Structure formats: structure tokens, C-alpha cells
Amino acid sequence: MSAPMKNNIDFLLECVQAQNPSANLKKIRAAYECAAAAHEGQKRRNGEPYIIHPVAVAKIIVEMGLDTDSICAGLLHDCIEDTEFGYREIENKFGTSVAELVDGVTRLGMLRYSKEQEQFEDLRKMFMAMAKDIRVILIKLADRLHNARTFQFLPERKQRDKALETMEIYAPIAHRLGMSRIKWELEDLCLQILDPIGYQEIVDGLEKESERYEEFLDHIKERITSKLDEAHITHSISARVKHIYSIYRKMYAQHKTINEIYDICAVRVIVEDVADCYNVLGYVHDLYKPIPGRFKDYISTPKPNGYQSLHTTVIGREGIPFEIQIRTGEMHKMAEYGVAAHWKYKQGLDRVGNEEAFSWIRQLLEAQQDTEAEDFIKAIKVELFADEVFVFTPKGDVINMPAGATPIDMAYAIHSAVGNRMTGAKVNGRIVQIDSHLKNGDIVEILTSKETHGPSRDWLKIVRTTEARNKIKQWFKKECREENIIKGKEDLDRELRANLLYNGFYENEEVIQNTLNKFSFQNIDEMYAAIGYGGITITKVINKVKDEVGRIRRAAERAEKTEQMLAQPQPEKKSRRSQSGVIVEGIDNCLVKFARCCTPIPGDDIIGFITRGYGVSIHRRDCVNVRINEEDKDRSRWVNCWWDEDLIERNNKFSTALQISTRSRTGILAEVMVLLAQTKVNVRDLSARDLEDGYGVINVVIDVTGVRQLKHIMTRLKNTKGVLDVARISNDAAH
Ligand code: MN
């Protein structure tokens with residue numbers, strides 16, 4: 001063993017100790033010794049001893065904050081494939097956990113990547129599905145990151161292939177797991193190879209302006225820091241130019257040169273708690289003018305990969321916009337290391353089962369939605385992890401089905417004829433129940449008979465895929481019409497009686513006809529048959545019958561009432577729905593806008609003003625701008641308006657403005673924002689300013705469903721300590 005290698009492992013152990021004092025250094029050193037011995041004499045393409053690679057990979061794993069076993073597996077990760085030292089030896093020396101990690105990494109390495117675009121999505125999924133332990137993926141990412149750092153030693157063709165594969169599979173997976181630090185580095189390294197000219201153009205462009213950026217960012221840092229120091233907010237601040245690939249992508253997407261790209265600079269403020277995040281936001285908006293619509297609150301609504309932060313884009317000196325990200329230290333760790341950060345946190349608690357680690361990620365993905373990440377979700381679909389299962393036919397074809405799929409699903413996925421002849425199934429060579437759930441990597445053989453004996457009705461309850469369900473229904477529909485009609489009629493009649501609808505249905509030809517029309521049945525036998533083979537659920541039919549019977553009953557009642565009312569004269573009112581949620585007297589479907597001065601919301605008494613050219617402007621009746629008196633020459637332009645109740649029920653959101661008077665602004669802004677986040681209202685706009693004598697004013701624009709929700713929010717705001725008053729704004733001069 002030569003000197004530099006020794007230095008390497010010593011340095012690694014130092015890092016381990018600094019990161020995680022409870023790590024088992026002896027075990028890690030032993031893993032190193034084994035790896036060094038196993039790779040003895042092997043060289044990397046650049047002529048270095050091979051062992052440098054596993055040590056570098058282990059170093060990245062240490063930086064991620066993973067556990068002792070992962071570090072050992074990182075050191076040993078190329079052993080099974082490249083050396084005599086195999087699974088058994090690793091298991092004997094380091095335990096099953098390390099052996100399985102190494103084995104998992106080795107297996108991921110054997111996945112064959114093809115260059116066809118359509119394959120990437122499946123490959124990403126396969127990649128995730130194959131790794132039973134999340135650490136396997138993290139180790140594999142570390143392995144690829146170090147390989148990417150040394151791409152330049154590969155032959156040119158291989159460089160491009162590997163870079164493309166990294167860009168399409170590894171970087172998106174790193175992103176999905178929230179590991180932005182690794183994702184960025186991978187992307188920049190790959191871009192350098194995939195588009196060296198484009199890459200250089202950006203590097204040069206940034207270089208040319210570097211002094212200006214530096215000075216610009218220094219100034220911002222200084223200004224924010226002194227403001228926050230003044231307010232006694234403990235924080236750290238960093239400013240940087242964004243990473244190259246993100247600038248590249250913007251240039252591409254927006255067809256712009258580097259000089260035309262909007263916000264190249266980013267400032268990050270890290271504080272101690274959530275309340276301070278909102279405090280800092282307030283101060284920043286005080287110092288710089290925010291760009292409307294660019295404020296994003298990922299703290300109350302985290303991104304699907306767990307990312308949390310406040311984002312806002314503001315205008316700096318000389319009109320240069322820059323982005324500010326504000327978050328806590330913990331959020332920052334999550335932003336940089338994603339899932340790995342979570343792993344680190346959990347490490348203190350007992351050994352976490354792999355299952356559990358996965359289910360945590362799954363919950364994360366399910367619970368959180370984000371429009372910005374929508375494109376990404378579209379590409380990878382949310383069913384990334386356990387929602388899908390990959391199985392093999394005996395010939396080795398991969399079939400991809402939703403989790404919980406059974407051998408019956410598999411049979412119908414192959415062909416409906418296979419499903420209809422199915423008698424049983426073998427999984428991995430053994431006979432299984434046909435309703436058992438298939439697992440990743442199962443080899444599934446469908447047993448069939450020569451004659452088509454058809455599926456069983458019970459299968460409809462077992463199958464997981466719509467495809468199988470439809471094919472089974474199809475069979476019943478074709479094969480046994482008579483039987484279905486009888487069974488369908490029996491089932492329907494029973495349900496009608498149970499719902500006290502039997503007479504209502506059979507005694508009114510209109511009810512029968514409307515029900516048949518609704519589901520496009522030619523005649524009642526067809527409907528019975530459909531119910532019989534499961535083509536339509538009884539619940540659907542019953543619901544329709546219920547509607548129909550109810551409608552006829554109400555019509556009868558109404559007719560009675562109308563007769564009574566005919567005697568009294570009715571005011572003539574011609575009103576129609578409007579898409580905006582407001583009905584304007586005498587005007588159909590007109591253009592409606594809500595006045596900015598009083599921001600009316602459902603529940604308010606409203607009135608409309610017919611503007612010249614912009615439709616009807618809706619005000620609250622108590623708005624200062626509503627002055628209708630006899631002398632007013634515009635008197636005839638005021639019209640009666642009502643809220644469309646239907647629309648309110650549909651939970652549409654309306655913007656309204658609030659003004660909050662506070663005793664002193666520090667701290668209260670944060671509480672207000674936290675409260676608004678808790679009540680789940682969207683904050684559209686926010687500004688705060690200090691008044692004399694230590695008083696302050698906060699203006700917010702929020703989206704609510706109506707007065708009821710708003711009142712609730714206002715009461716909660718009023719009960720916040722330090723809040724003096726909360727009022728709706730209605731004194732702006734704007735019309
Ligand atoms: Mn490797």
C-alpha cells in the first residue's frame with residue numbers, strides 16, 4: 001500500500017468522525033482494507049490505482065450523511081462485479097446489510113440503458129423499483145457522481161453515452177429525491193460534455209461580468225445583513241450566481257442570450273425558525289421592490305420532493321432582478337441532501353427498515369402537490385415507487401402493472417384469450433393463488449386450458465387493472481346475455497325496493513326513459529344485461545332514478561305553488577348566469593370585473609357599475625366609490641347584482657385585501673403569515689411598512705371563498721397578540 005492511498009483513508013475517516021461521531025471507524029477501515037486488497041493491481045483509465053474511486057465514492061456518501069453500513073458498501077461497491085471478493089465474503093465480514101447494499105448497487109449497474117427517448121421514463125422507474133433499499137440508490141448516485149467527475153478520461157463516444165444517461169436518469173432521480181447538490185453537479189458535468197460550446201459560452205459570459213455580479217451581490221448581502229442585524233435576527237446569508245445548467249436551460253427555453261436572462265443571481269438567507277423566515281421576507285420586501293407573482297411559499301406548501309423555502313424575486317440596483325430564498329437550517333439541509341438528510345436524522349433512532357424509508361418517501365410524494373413540479377410529475381408520474389410493479393414473463397419480457405396486480409391482471413395484460421383460458425399461475429416456478437399480489441422481479445407463468453371456459457365473476461373483484469376488468473366484462477357481455485338480463489333485473493329490483501324507488505321507477509315511463517337515455521341504453525333489457533355483467537354499477541342507476549323521481553316530485557310541488565302565486569304580480573327580472581359568479585340584472589353573460597377599491601367577495605352586498613368598454617365593475621354597496629344620488633348623471637349606469645349561489649358552492653376563490661394595524665411590526669408579520677398558512681389561504685400579495693411611534697401596517701391580498709371564511713380569518717387575526725385592528729380595504733381611489 002503506497003502513501004497517498006493511506007492518506008486517503010485517513011482523511012476519509014477524519015471526515016466520518018466530524019460528520020458522525022457514533023460511526024464505526026473500525027468497520028470502515030476494515031472495509032477499506034478489503035477493497036484495497038481486492039482491487040490490488042487494478043488501475044482506472046487515468047492511470048490511478050483503482051481504490052481511489054471507491055474511497056472517493058465513500059467520501060461523497062459521508063457528505064450525504066449516510067450510516068456506517070452505507071460507507072462500507074461504498075468502499076466495497078465494485079468488489080462483487082470486478083474482483084474475486086464476493087457476496088459471501090462481504091456478508092461474513094461485514095454483515096448481511098452491507099452485503100445486500102453492495103449487491104443492490106451491483107445489480108443497478110447491470111441495467112442496460114438504451115438511447116431511445118421513450119425508454120428513459122421506464123428506466124428511471126425500473127431503477128427505482130429494483131432498489132429495495134433507498135440507500136442503494138444513494139450509493140449508486142455517489143458512484144455515478146464520482147464517475148462523472150472523471151468522464152474526461154473515457155473515450156469520446158463513451159463520454160457522450162454516459163453523460164446522456166446521467167442527464168436522463170441519474171440527475172432526475174437525484175432531483176426526485178430532493179438532492180439538489182448532487183443533481184446540480186451531475187447536470188453541470190454532463191452539460192460540459194453534451195454541449196461543450198454552449199457550456200463555455202455561459203462560463204465566458206459569467207466570467208466577463210463576474211466583477212459586476214460580485215459587486216452587486218456584495219452590496220445586496222451587506223444591505224440585507226445590516227437590516228437583519230438591526231432587527232436582531234440571527235442569520236447567515238450567501239449570494240451566488242446560479243449554476244450553469246439552470247442558466248443554460250433558461251436560455252434554451254426562452255430563446256435568449258445570457259445577457260437577456262432574467263435572474264442569474266440568487267441570494268440565500270438561512271435563519272433559525274419558521275417565524276424568522278417570514279420576518280426576513282418582510283424586511284426584504286421593505287428593502288427591494290418585489291416582482292408581482294414571483295412570491296412562492298414552499299414552507300406552507302412544500303414541493304413534492306420535500307423542498308421547503310420562501311422564494312421571492314425582487315428588483316435590485318440598476319433594475320437587475322434577483323431571487324431570494326429564505327429558509328431554516330433544517331430546511332436547507334433537506335434542500336441540499338434531500339432524502340439523505342432525512343436518513344441522517346433517522347439514524348439516531350434504531351435501524352430503520354427499508355420498507356419504512358420507502359413508505360416515507362411515498363407519503364411525501366402523495367401528500368404534496370406543486371404546480372411548478374407538474375412537468376416533472378408528468379414525465380415520471382407519481383407512481384414512481386411502490387405504485388408499480390415490474391414482472392417478467394417466462395420468456396423474460398418485462399410487464400409493468402400497478403402495485404397489487406394479480407396473476408389475472410398479468411394474464412389479461414398478455415392477451416384476453418390468455419385471461420379467458422386461465423386456470424392458474426406459477427410465480428417463480430411455484431403454483432400460487434390467482435389472487436396473490438405480484439412483486440417486483442417475479443417471473444410469472446400463466447397456466448391455461450385448451451378450451452375457453454371464461455373468467456369467473458369473482459375475478460372482477462380481484463383484478464387491479466382496468467384493462468383486465470374491461471376484458472372480463474366484455475366476455476360476460478358477449479357470452480351470456482340471457483343470464484345477465486335475468487340477474488341484472490333481479491339485482492336492480494332488489495335495490496329499487498331497498499331505496500323505496502320501485503314504484504317511482506316502474507310507474508313512470510318518463511323516469512325509465514330518462515334513465516335509459518342518461519346511460520345511452522336502447523331498451524330496458526340492455527340496461528339489465530349491463531348491470532348483470534357489471535358494465536354499469538347499480539349505484540349509478542339508482543342515483544339517476546333517485547334524481548328523476550325527486551325531480552318529478554318537485555316539479556309537481558312547484559306547479560302547485562305557481563298556481564297559488566299567479567295571483568300576485570311578480571317583479572320582472574331577467575337575469576342570467578355569469579361565469580364570474582355574479583348575476584347582473586338585465587344583462588346576459590356580460591364581462592364582469594371586481595373593483596380593486598373594495599375587493600368584494602361572495603356574501604357581500606354588491607352593486608354593479610357599467611363602465612365604458614370594460615363591462616360591469618362590481619363594488620360592495622358600502623364602498624366609498626358607490627355614490628348614487630339624484631343629481632348623479634351616471635345614475636342609470638348603476639345596476640343591481642347578486643352572487644350566483646351555485647358558484648359559491650363550487651368553492652371558487654376571490655381575492656380581497658386586508659389591512660392589519662399592528663403595535664410594532666417586528667415578529668408580528670411572521671405570526672400573521674404563519675396564521676394565514678395554517679388557515680390554508682393563498683397569499684397573493686404582501687407588503688408591510690413601519691409607521692411612527694413604533695406602529696406598523698401590513699397589507700395582504702388573499703384568496704377566499706367568501707365572507708364566511710374571511711370573517712373567520714379576520715377574527716383569528718384580531719386575536720393575534722400585537723394586532724390592533726384588521727379591516728377590509730375600501731378607501732382606495734381606484735374605480
Ligand atoms: Mn464504481
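The structure this text deals with has already been given above.
In this convention, every chain numbers its residues from 1, walking through the sequence in written order. Reporting of local features is limited, given that this is a predicted model, to residues whose pLDDT is at least 70; pairs of side-chain atoms are given and counted only at 80 or more, and all residues count toward the totals for whole chains, interfaces and linings. To obtain the side-chain values, all non-hydrogen atoms of the structure were included, while hydrogens and water were left out.

Thoughts on the overall build of the protein
Along its length, the protein carries 30 helices and 20 strands. Throughout this description, buried means an accessible area under 20% of the type-specific maximum (1.4 Å probe, protein chains only), exposed means over 50%, and partly exposed covers the range between. Here the protein, with 735 residues, has 49% of them falling under the buried criterion. In what follows, a contact means two residues having at least one pair of non-hydrogen atoms within 4.5 Å. In the protein, 65% of the contacts between residues at least 6 apart in sequence involve partners at least 24 apart. We get accessible surface area from the Shrake-Rupley algorithm with a probe of 1.4 Å; when it comes to residues, only the shown protein chains can shield them. Summing over all exposed atoms, the protein offers an accessible surface of approximately 38200 Å²; the carbon and sulfur share of this is 48%. Secondary structure elements are defined from DSSP: runs of H or I of at least 4 residues count as helices, runs of E of at least 2 residues count as strands, and each element is numbered from the N terminus.

Focus on the packing of aromatic side chains
Describing an aromatic ring pair means giving the distance of the ring centres and the angle of the ring planes. When two rings of Phe, Tyr or Trp (its six-membered ring) have centres within 6.5 Å they constitute a pair, described as stacked for plane angles under 30 degrees, edge-to-face for angles over 60, and tilted for the intermediate range. Counted according to the given criterion, the structure contains 13 aromatic pairs. Between Tyr288 and Phe322, the ring centres sit 5.3 Å apart and the planes meet at 85°, which makes this aromatic pair edge-to-face. With Tyr288 in the loop between helix H14 (274–287) and strand E3 (289–290) and Phe322 in strand E6 (residues 321–328), this pair connects stretches of sequence that are 34 residues apart. Across the pair, Phe322 and Tyr288 agree in class, each one buried. Within the aromatic cluster, the residues linked to one another by ring pairs are Phe216, Tyr288 and Phe322.

Considerations on the coordination of the manganese ion
Metal donors: N, O and S atoms at distances within 2.8 Å, or within 3.2 Å for Na, K and Ca, with water omitted from the atom set so that some sites may seem incomplete. The manganese ion binds to the protein through His53 (NE2), His77 (NE2), Asp78 (OD) and Asp143 (OD), with metal-donor distances spanning 2.2 to 2.5 Å. A relative accessible area of 1% means that His53 is categorised as buried. For Asp143, a relative accessible area of 5% translates into the label buried.

Structural notes on a negative patch on the surface
On the surface, a cluster of negative charge is contributed by Glu211, Glu214, Glu215, Asp218, Glu222 and Glu318. Structurally, the position occupied by Glu215 is in helix H12 (residues 196–230). In this analysis, a patch consists of residues with relative accessible area above 30% that form no salt bridge, clustered at 9 Å for like charges and at 5 Å for the nonpolar side chains Val, Leu, Ile, Met, Phe, Trp and Tyr. Each reported salt bridge corresponds to a side-chain nitrogen of Lys or Arg within 4 Å of a carboxyl oxygen of Asp or Glu. The convention is simple: Lys and Arg are positive, Asp and Glu are negative, and His and the chain ends are not counted. We put the charge of a Lys on NZ, of an Arg on CZ, of an Asp on CG and of a Glu on CD.

A short note on unusual backbone geometry
Of note in this structure, His232 is not a glycine but carries a positive phi near 60°. Residue classification places His232 among the exposed residues on the basis of a relative accessible area of 72%. With a phi angle near 55°, Leu500 is a residue other than glycine that sits in the positive phi range. Counting through the fold element by element, Leu500 comes out in the loop between helix H23 (481–498) and helix H24 (502–506). Among the residues examined, Leu500 registers a relative accessible area of 76% and is labelled exposed.

As for the packing of helix H6 (residues 87–94) against helix H7 (residues 96–109)
In this analysis, axes come from line fits to C-alpha atoms, helices being fitted only over the stretch in contact, and the angle between any two N-to-C directions falls in the range 0 to 180 degrees. Two elements in contact, H6 and H7, have axes separated by 7 Å at closest approach and are oriented at 145°. Note on packing geometry: the crossing formed by H6 with H7 is right-handed. Facing Tyr87, Ile90, Glu91 and Phe94 of H6, the residues of H7 in contact are Thr96, Val98, Ala99, Glu100, Val102 and Asp103. Polar here means any residue outside two lists: the nonpolar Ala, Val, Leu, Ile, Met, Phe, Trp, Tyr, Cys and Pro, and the charged Asp, Glu, Lys and Arg; Gly therefore counts as polar. A breakdown of the residues in the contact of H6 with H7 according to their chemical character gives 6 nonpolar, 1 polar and 3 charged. In this scheme, a crossing is called left-handed if the near helix is turned counterclockwise away from the far one by less than a right angle; it is called right-handed if the turn is clockwise.

Observations regarding the environment of Asn682
With respect to the helices, strands and loops of the structure, Asn682 is situated in strand E18 (residues 682–690). Look at Asn682 and you get partly exposed, because its relative accessible area is 44%. For Asn682, the contacting residues outside a window of four places in its chain are Val701, Ile702 and Asp703.

Comments concerning the sheet that holds strand E12 (residues 582–584)
A strand pair is defined by DSSP finding two or more bridges across the two strands. Here 5 strands make up an open sheet; going across it, the order is E12-E16-E14-E15-E13 and the pairing mixed. The open sheet terminates on both sides in strands that have one partner only, identified here as E12 and strand E13 (592–594). When the angles between neighbouring strand axes are averaged without regard to direction, this sheet yields 35°. For E13 and strand E15 (residues 616–620), the ladder comprises 3 bridges, and the chain directions are parallel.

Here we look at helix H25 (residues 509–518)
Taken as a whole, H25 has its buried residues at Val511, Ile512, Thr515 and Leu516. Down the axis of H25, the buried side of the element spans an arc of 130°, and every buried residue falls inside it. Turned more than 90 degrees away from the buried face of H25 sit Glu509 and Lys518, all of them exposed. The positive-phi residue at the C-terminal boundary of H25 is Ser520, with phi of around 55°. The arc in question is the one spanned by the directions pointing from the helix axis to the C-beta atoms.

Describing the nonpolar core
Counting residues in hydrophobic clusters, the biggest one holds 142 residues, and the most contacted among them are Leu76 and Ile702. Apart from residues no more than four positions distant in its own chain, Leu76 is found in contact with Ala31, Cys34, Ala35, Phe85, Ile90, Phe94, Val98 and Val102. In this text, buried Ala, Val, Leu, Ile, Met, Phe, Trp, Tyr and Cys residues form a nonpolar core when linked through side-chain atoms within 4.5 Å. With 45 residues, the next largest nonpolar core counts Met410, Phe476, Phe521 and Val549 among its residues.

Overview of the pairing of strand E19 (residues 696–704)
Judged by how many residues are buried, E19 sits mostly within the fold: 8 of 9 residues are covered. Bridging between E18 and E19 involves 8 bridges; their strand directions are antiparallel. Considered in E19, the bridge of Ser687 is made with Asn699. The turn joining E18 and E19, which pair antiparallel and follow one another in sequence, is formed by 5 residues; a positive phi near 60° is taken by Asp693.

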